Amino acid sequence: IHFVLSISRQGKVRLTKWYSPYSQKERSKVIRELSGMILTRGPKLCNFVEWRGFKVVYKRYAGLYFCMCINQEDNELEILEIIQYFVETLNRYFGNVCELDLIFHFHKTYYILDEILIAGELQESSQNTVHRLIDAQDSLVEAAKEEENTVSYIIAQVAN
Amino acid sequence: MNPFSSGTRLRDMIRAIRACKTAAEERAVVRKECASIRAAVSDNDNDYRHRNLAKLMFIHMLGYPTHFGQMECLKLIAAPGFPEKRIGYLGLMLLLDERQEVLMLVTNSLKQDLNHTNQYIVGLALCALGNICSAEMARDLAPEVERLLQFRDPNIRKKAALCSIRIIKKVPDLAENFVNPVVSLLKEKHHGVLLTGIQLCTDLCNHSEEALEYFRKKCMEGLVKVLKDVVNSPYAPEYDISGIADPFLHIRLLRLLRVLGHGDADASDSMSDILAQVATKTESNKNAGNAILYECVETIMSIEDVSGLRVLAINILGRFLSNRDNNIRYVALNMLMKAVSVDDQAVQRHRTTILECVKDSDASIRKRALELVYLLVNESNVKALTKELIDYLQVSDQDFKGDLTAKICTIVEKLSPDKIWYIDQMLKVLSEAGNHVKDEVWHALIVVITNASNLHGYTVRSLYKAIQKSADQEILVRVAIWCIGEYGDMLVNNIGMLNLEDPITVTENDAVDVVEIAIKRHTSDLTTRAMCLIALLKLSSRFPSCSQRIKDIVTQSKGSLLLELQQRSIEIDSIIVKHQNIRSALVERMPVLDEATFSGRKAGSILSAAVSASLSSTNGAATSTAAPLVDLLDLGADESAAAAPTSGANFLQDLLDVGTSSYSSQSGTSQAQKSGNDVLLDLLSIGSPPPQNTSSAPDILSLTEDNKTLVSPLDGLSLATGPSVQASSTAMIDLLDGFGPSPPPTKDNGPAYPPIVAFESSSLRLMFNFSKQPGSPQATQMEANFTNKSSDVYTNFIFQAAVPKFLQLHLEPASSNTLPGNGNGSITQKLRVTNSQHGKKSIVMRIRISYKLNNEDVLEEGQISNFPRDL
């Protein structure tokens, strides 16, 4: 997988993850080209578009398109499954995920993606494991917060 | 202040940005945020660093520049706490890529984190390394990653495995270090580790033949067993996707088996059972199952042939092809393309279904299907398939027509069984989608037409019929105009009628109508109009009765704002008006262009495309490089205008193309033929000039410059150099001499003249023989005879001569351009000199002889004044 994109129906970018090097200029060009190609496709058509010698597999969930760019010889149907798997994981994490979740908690979306893909390859096929890992890391953050709270509380007390 | 409890600020910013109604408002908000973040960066603010970075990531996603935040990532990564590191690494992966120098600074932090006691921090570092590491980082950190492949927690092992893939991609030399650890990864039970281990193994196999052999020996059985287990595993909710246990693992195993089995019969054999099981047992009603089947088919196709498996695979594809789901049909077409090379017959069976897919409403499917049809076409089915495709061309989408047309043209060119079929199909394509046809294609079509002499009449009549219906197809119009110009008489007189034709009645005026409509249509471009003018010139001679009408049409173009058209129409007009006597010779049919030569040139033209591009760009607006070429000659001709025998010489020079073609058809010497062909190509390829002319154009430029100085003191004979040009310029004078008003005969001619040695150098001797036609004492026929006195062969031998104004000189082509050594042969060349001051002045001549001796240019010059007095 060369990159993962998530574009809203209005063409707004909700998530970009680049596994192959693209300069900033190329990135915005790629996004423009692909949103032009993908957003205009009808609902009944196949989920693959050929683009610059690569294939882009996309899937639409409500107003959001998830796209992954792969090589010619890769398995398009499997990528569809990976997209589905990613979205299901998000859904389970946020509980009935919607576009707003992805906007306001975009960093969490990235954390989840990082538990599923590394270097553009799939790293885990079990949703449970992904959740366990994300939860563990979230609780680490929480714990640090708590600690910070108490410390700052003490400092505040002392300052008073 | 607590940085972690004040997360609202990020929310606020996102809200504010989302509330913006215009792009300008959004920019203002972002600018404000960026300003405050910059301020925080320069204050080295610790408390809000992570929040600022999060904001920057959001801003970055919107496409604004955020480079000033890069160092912040590094600071957060260097911080001790997990939350800071987590956001820091995320920022690193989003804001930076492997090509930024800043990235090098993070190597040290990464190294520390890879050795951290907290496994989640190790995980973060591995993830970042896997996603953005550069070659240098890969080299520095590879030992750490290698060690982590044996880490106690499987979640770290799997991350390390994927990280290794990236490292090998960046630094292939490091691959061998990973071969041994992978073997143990492949024995794991944990799906994540297995999955990533298999991917790493596949990559290693693709990298080196050695590794491939190693894994074949060590892991073949184990992998087959793993696949067997996973295929037969009972329901496991954790990995289940639509009733299949871990399709991702299935697919990766199949992919690795494909690599291992490719080109190895034993390995292929050992996996055949399980492949057969996967191919037959997998449910195909859900996407996950189909993904596995698809992968399985691909594996079966690439491994060595094991009995029966391929039939199974082709059957699966057949089922896919008839599936209603577009995705499935797409992958089936994709797969069948690979299957064609393996089993053409089996794929041919699905031909009708594939043809249906070409007509699908989905562009992706159409494109795949068209590629596949293209592969399926062969001698036996070309007629049927082409008919289908051309029929579809009539109803296809506009944006698909380009692709479709290109493919049909290639098929027709490559596989046409006979010329009439080729011409028929091309005419159909031109009438349907003429505007999509590329220049090479219709140029090639014209070459084929000229070569099919028995079909000239048929072609021009078909074109005439086609253009009545599809006059809006520019390319069709061009081809039709060209053919009507060339073969107009056959159109009118129904010459060369084939049995299958219905006779049509076309009057001369009808034929001229077609050209007139085309030249007047406002959509016609310069090329088409220029072709129309040439066609009109030709028709003016073919149909003398329409001559006046044609003159009127041509006259209208005289005021054209396009220089090329204006110039041509003025020239053509004067040919029609003033030079009726030479017109018919001038506009004879184009010589037949050899198809082999043409295709050879076509191949060569790719090489010189760069040259022609630069050349035409220097010419600015000129679309035709033939034009500058002619203009260059024009320069030379201007010098001679005053002395030129008739005013026609000037424009004739301009009209080189027309002149040469008629000349070459008369003389038929090889050199003239060549130049004629060039000109034909010129006419054919006004957009893309043939390589020869293009590359020689700059030479001519410089040579003409030289000649101008050389010629002007002498007198007004335009003396152009360069082999093809020379032939044509002499041809021009020939025409003028031959048909120009001949001087009244005064007295019979009697005396014979002795031959003279006109020129002699150490290496060369030139003898002249003279004779006179009785009744025209002014004209002298001379025969120049060149002898080589050295022992070496002279090649590219060219003789040129110039005479004062009172003489007219005409050079005929030389008998050869190679002069053997030791006097073993000679070159003869005929000259004709007309002395307008006959009896008063005697002939003088300045000569110039150039040739190549051992590939070096030699030039000899001299003046001949020892001609017999009364010539």
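Residues numbered from 1 in each chain as written. Chains lettered and ligands numbered in written order. Predicted model: local features only at pLDDT ≥ 70, side-chain atom pairs only at ≥ 80, totals over all residues. Heavy atoms only, no water.

S.K.: Explain the overall build of chain B to me, using residue names and the numbers behind them.
M.R.: A count of helical and extended segments in chain B gives 39 helices and 10 strands. Relative to its full complement of 871 residues, chain B shows a buried share of 56%. Sequence-distant contacts, at least 24 apart, represent 68% of the contacts inside chain B between residues at least 6 apart. (Helix = DSSP H or I, 4+ residues; strand = E, 2+ residues; numbered from the N terminus. Buried < 20%, exposed > 50% of the residue type's maximum accessible area, 1.4 Å probe, protein only. Contact = heavy atoms within 4.5 Å.)

S.K.: Please give an account of the sheet that holds strand β1 (residues 3-8) of chain A that cites residues and values.
M.R.: Residue and element names in this part refer to chain A. Overall, antiparallel pairing links the five strands, which are arranged β2-β1-β5-β4-β3 in an open sheet. The open sheet has two edge strands with one neighbour each: β2 (13-18) and β3 (48-51). Taking the axes of each pair of neighbouring strands and ignoring which way they run, one obtains an average angle of 20° across the sheet. Pairing between strand β4 (residues 54-61) and strand β5 (residues 64-70): seven bridges, direction antiparallel. (Pairing = 2+ DSSP bridges. Axes fitted to C-alpha atoms, helices over the stretch in contact; angles between N-to-C directions.)

S.K.: If you had to explain the packing of helix α3 (residues 49-61) of chain B against helix α5 (residues 82-95) of chain B to someone new, which residues and values would you point to?
M.R.: Residues and elements named next belong to chain B. It is at 10 Å that the axes of α3 and α5 come closest, and there the two elements cross at 25°. Of the possible angle classes, the one that applies to α3 and α5 is roughly parallel. Considering the relative orientation of α3 and α5, their crossing is left-handed. Across from H50, L53, A54, L56, M57 and H60 in α3, the residues of α5 making contact are I87, G88, L90, G91, L94 and L95. (Parallel < 35°, antiparallel > 145°, perpendicular 65-115°, else oblique. Left-handed = near helix turned anticlockwise from the far one by under 90°.)

S.K.: Tell me what's going on with the packing of aromatic side chains, and back it up with residues and numbers.
M.R.: Residue and element names in this part refer to chain A. Within this structure, the stated rule accounts for 20 aromatic pairs over all chains. When the ring of F3 is compared with that of W51, the centres are 6.0 Å apart and the planes differ by 85°; the resulting orientation is edge-to-face. One end of the pair, F3, is in strand β1; the other, W51, is in strand β3, and 48 residues separate them in sequence. Classification of F3 as buried rests on a relative accessible area of 0%. Judged by relative accessible area, which is 4%, W51 ranks as buried. (Phe/Tyr/Trp six-rings, centres within 6.5 Å; stacked < 30°, edge-to-face > 60°.)

S.K.: Tell me about the interface of chain A and chain B, residues and numbers included.
M.R.: Chain A puts 65 residues into the contact, and the matching count from chain B is 70 residues. Together chain A and chain B conceal approximately 6100 Å² of surface at their shared face, both sides included; 55% is due to carbon and sulfur atoms. If you sort the residues of chain A by the area they bury against chain B, L77, F104 and F106 of chain A come out on top, with a joint share of 11%. Across the chain A-chain B interface, the total number found is seven salt bridges. The closest approach of N and O atoms between K159 of chain B and E115 of chain A, which form a salt bridge, is 2.8 Å. Inspection of the chain A/chain B interface yields 21 residue pairs in polar contact (both at pLDDT 80 or more). Looking at the side of chain A that touches chain B, the elements that each hand over two or more residues are β2, α1 (24-39), β3, α2 (76-94), α3 (99-104), α4 (106-116), β7 (121-122) and α5 (127-159) of chain A. Among the elements that line the side of chain A that touches chain B, the one with the most residues is α5 of chain A, at 14 residues. Its residues assigned to classes, the side of chain A that touches chain B shows 28 nonpolar, 16 polar and 21 charged. (Buried area = accessible area lost by both parts, 1.4 Å probe. Salt bridge = Lys/Arg side-chain N within 4 Å of Asp/Glu carboxyl O. Polar contact = N/O pair within 3.5 Å; in protein donor to acceptor, adjacent residues only side chain to side chain. Nonpolar A, V, L, I, M, F, W, Y, C, P; charged D, E, K, R; others polar.)

S.K.: I'd love a proper account of the nonpolar core, names of residues and values included.
M.R.: Judged by nonpolar contacts, the single largest core of 277 residues is most densely connected at L92, F215 and V479 of chain B. Formed by 32 residues, the second largest nonpolar core is a distinct cluster that contains F770, I827, I843 and I849 of chain B. (Core = buried A, V, L, I, M, F, W, Y, C linked by side-chain atoms within 4.5 Å.)

S.K.: Tell me about helix α7 (residues 119-132) of chain B, residues and numbers included.
M.R.: Residue and element names in this part refer to chain B. The first and last C-alpha atoms of α7 sit 20 Å apart over 14 residues, in line with the 20 Å expected at 1.5 Å per residue. Burial analysis of α7 places 13 of its 14 residues in the buried class, the great majority of the element. By the N-cap criterion, in which a side-chain oxygen at the helix start approaches the backbone nitrogen of a residue two or three places on, α7 is capped by N118, the distance to Y120 being 2.8 Å. (Expected span 1.5 Å × (residues − 1).)

S.K.: Would you mind going over the pairing of strand β9 (residues 845-853) of chain B in detail, with residue names and values included?
M.R.: Residues and elements named next belong to chain B. Here strand β6 (residues 794-802) runs beside β9; their pairing, made up of seven bridges, is antiparallel. For F799, the partnering residue across the bridge sits in β9 and is I849. Relative to strand β10 (residues 856-864), β9 is paired through nine bridges, and the arrangement is antiparallel. Paired with R848 across the strands is E861, a residue of β10. Here β9 folds back onto β10 in antiparallel fashion, the turn holding two residues, of which N854 has a positive phi close to 50°.

S.K.: Give me the environment of R319 of chain B: which residues, what numbers.
M.R.: All names here are of chain B. You can see R319 is positioned in helix α16 (residues 309-321). The exposure class assigned to R319 is partly exposed, which follows from its relative accessible area of 43%. The spacing of R319 and R329 is 10 residues in sequence and 9.1 Å in space, taken between C-alpha atoms. Filtering out sequence-adjacent residues up to four positions away, R319 remains in contact with S284 and L293.

S.K.: An account of the packing of helix α28 (residues 526-542) of chain B against helix α29 (residues 547-557) of chain B is needed here, citing residue identities and associated values.
M.R.: Residues and elements named next belong to chain B. It is at 9 Å that the axes of α28 and α29 come closest, and there the two elements cross at 160°. It follows from the interaxial angle that α28 and α29 lie roughly antiparallel. Crossing geometry of α28 relative to α29 is assigned as left-handed. Here L533, L536, L539 and S540 of α28 lie close against α29, whose contacting residues are S547, I550, I553, V554 and S557. Of the residues that constitute the contact of α28 with α29, the class distribution is six nonpolar, three polar and no charged.

S.K.: An account of the pattern of salt bridges is requested, with residue identities and associated values reported.
M.R.: Residues and elements named next belong to chain B. Within the structure shown, the criterion is met by 32 salt bridges over all chains. Residue E486 is joined to K538 by a salt bridge in which the shortest nitrogen-to-oxygen separation is 2.5 Å. Remark: K538 occurs in helix α28 and E486 occurs in helix α26 (residues 474-493); sequence separation between them is 52 residues. Neither E486 nor K538 differs from the other in exposure class; each is buried. A salt bridge links R568 to E571, with the shortest nitrogen-to-oxygen separation between them at 2.8 Å. Here the residue R568 and the residue E571 both occupy positions in helix α30 (residues 563-578), the gap between them amounting to three residues, near one helical turn. Overall, the relative accessible area of 3% leaves E571 in the buried class.

S.K.: Describe helix α15 (residues 287-302) of chain B, with residues and values.
M.R.: Between its terminal C-alpha atoms α15 of chain B stretches 23 Å, which fits the 22 Å expected from 16 residues at 1.5 Å a residue. In terms of residue burial, α15 of chain B counts as a mostly covered element, since 14 of its 16 residues are buried.

S.K.: Explain the sheet that holds β10 of chain B to me, using residue names and the numbers behind them.
M.R.: Residue and element names in this part refer to chain B. One open sheet accounts for three strands, arranged β6-β9-β10; its pairing is antiparallel. The open sheet is flanked by β6 and β10, the only strands paired with a single partner. If you compare each strand with its neighbour and ignore which way they point, the axes differ by 15° on average.

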